[in-house]
Amino acid sequence: MTSPLDWSHEIAEISDAGLRVVRTATPAERAALAAALALPSIEALEVTYRIEPDRHHLYRMTGRLRADLTQTCVVSLEPVAAVVEEEIDVVFVDQRSDTDDEASDAEEADREILSGPDEELIENGRFHVGQIVYEVLSAGLDPYPRKAGAEFDWTDAKAAAESAASNPFAVLKSLKRGD
């Protein structure tokens, strides 16, 4: 899925000293993000990041995302206020690196990939920062938001009746004489 945030930078915008940006999502961008993430609302979204040239035509984006939003309680379906704060650490490359294919042990290569920063492609000379923000925000959401005090109190009457009927002492109880 493409991001509802059309935030991007061209390679030419990145000087040797890097590019530092603070972005605040507009109401329209927050509404589009909320719709894409199936959230009732996103009240605020601010992202601070820096893109710096790294070695061998690589660029590294580091920063922080903060969002104030509303999710839906999985128990009561009531609104739940939430704050998402996530770090951003991404390396942009011109093409995928094949150095990991040279690793003799596939498990070690997987460990290396998972321990480093995410890798994204530079597409047509552009860094698609909006897509990164969308993915980081999505990953930072609570998958099971729960309103304080909300409890799931449900019993299956049919299962309870079947359980009581299959109890061997239930038969004895029915045979017991009343005193």
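Parameters and conventions
- Residues numbered from 1 in each chain as written.
- Predicted model: local features only at pLDDT ≥ 70, side-chain atom pairs only at ≥ 80, totals over all residues.
- Heavy atoms only, no water.
- Helix = DSSP H or I, 4+ residues; strand = E, 2+ residues; numbered from the N terminus.
- Buried < 20%, exposed > 50% of the residue type's maximum accessible area, 1.4 Å probe, protein only.
- Contact = heavy atoms within 4.5 Å.
- Pairing = 2+ DSSP bridges.
- Polar contact = N/O pair within 3.5 Å; in protein donor to acceptor, adjacent residues only side chain to side chain.
- Core = buried A, V, L, I, M, F, W, Y, C linked by side-chain atoms within 4.5 Å.
- Axes fitted to C-alpha atoms, helices over the stretch in contact; angles between N-to-C directions.

1. Details of the side chain of Thr70
- As for its position among the elements, Thr70 is in strand 4 (residues 59–72).
- Exposure remark for Thr70: the relative accessible area of 14% places this residue in the buried category.
- Not counting residues within four places of it along the chain, the set of residues in contact with Thr70 comprises Leu39, Pro40, Ser41, Glu43, Pro79 and Val80.

2. Things to note about the pairing of strand 3 (residues 41–53)
- Bridge count for strand 2 (residues 19–24) against strand 3 is six bridges, and the pairing is antiparallel. By the bridge assignment for strand 3, Val22 is matched with Thr48.
- Sheet topology note: the strand 3/strand 4 ladder contains twelve bridges and is antiparallel. Residue pairing across strands places Ala44 opposite Asp68, the latter belonging to strand 4.

3. Describing the side chain of Ser3
- Tracing the chain through its elements places Ser3 in the segment before strand 1 (9–10).
- Among the residues examined, Ser3 registers a relative accessible area of 15% and is labelled buried.
- For Ser3, the side chain forms a polar contact with the main-chain oxygen of Gly130, separated by 3.1 Å.
- Sequence-distant contacts of Ser3, defined by excluding residues within four places in its chain, comprise Gly130, Gln131 and Tyr134.

4. Re the nonpolar core
- With 34 residues, the main nonpolar core has Leu45, Met61, Leu65, Leu69 and Leu137 as its most contacted residues.
- If you list the elements that add at least two residues to this core, you get strand 2, helix 1 (27–36), strand 3, strand 4, strand 5 (79–93) and helix 3 (129–140).
- With six residues, the top contributor of residues to this core is helix 3.
- Other than its neighbours up to four places away in sequence, Leu69 contacts Leu39, Ser41, Ile42, Glu43, Val80, Ala81, Ala82, Val84, Leu137 and Leu141.

5. Section: the sheet that holds strand 4
- With mixed pairing, five strands are arranged side by side in an open sheet as 2-3-4-5-6. On the outer flanks of this sheet lie strand 2 and strand 6 (118–121), each paired with one strand and no other. Averaged over all pairs of adjacent strands, the angle between their axes in this sheet comes to 25°, without regard to strand direction.
- Pairing analysis gives 14 bridges linking strand 4 to strand 5, with the strands arranged antiparallel. Considered in strand 5, the bridge of Asp68 is made with Val83.
- Where helix 1 meets the sheet, its contacts fall on strand 2 and strand 3, and the angle it forms with strand 3 comes to roughly 100°.
- The strands touched by helix 3 are strand 3, strand 4, strand 5 and strand 6; relative to strand 5, the strand with the most contacts, the crossing angle is about 135°.

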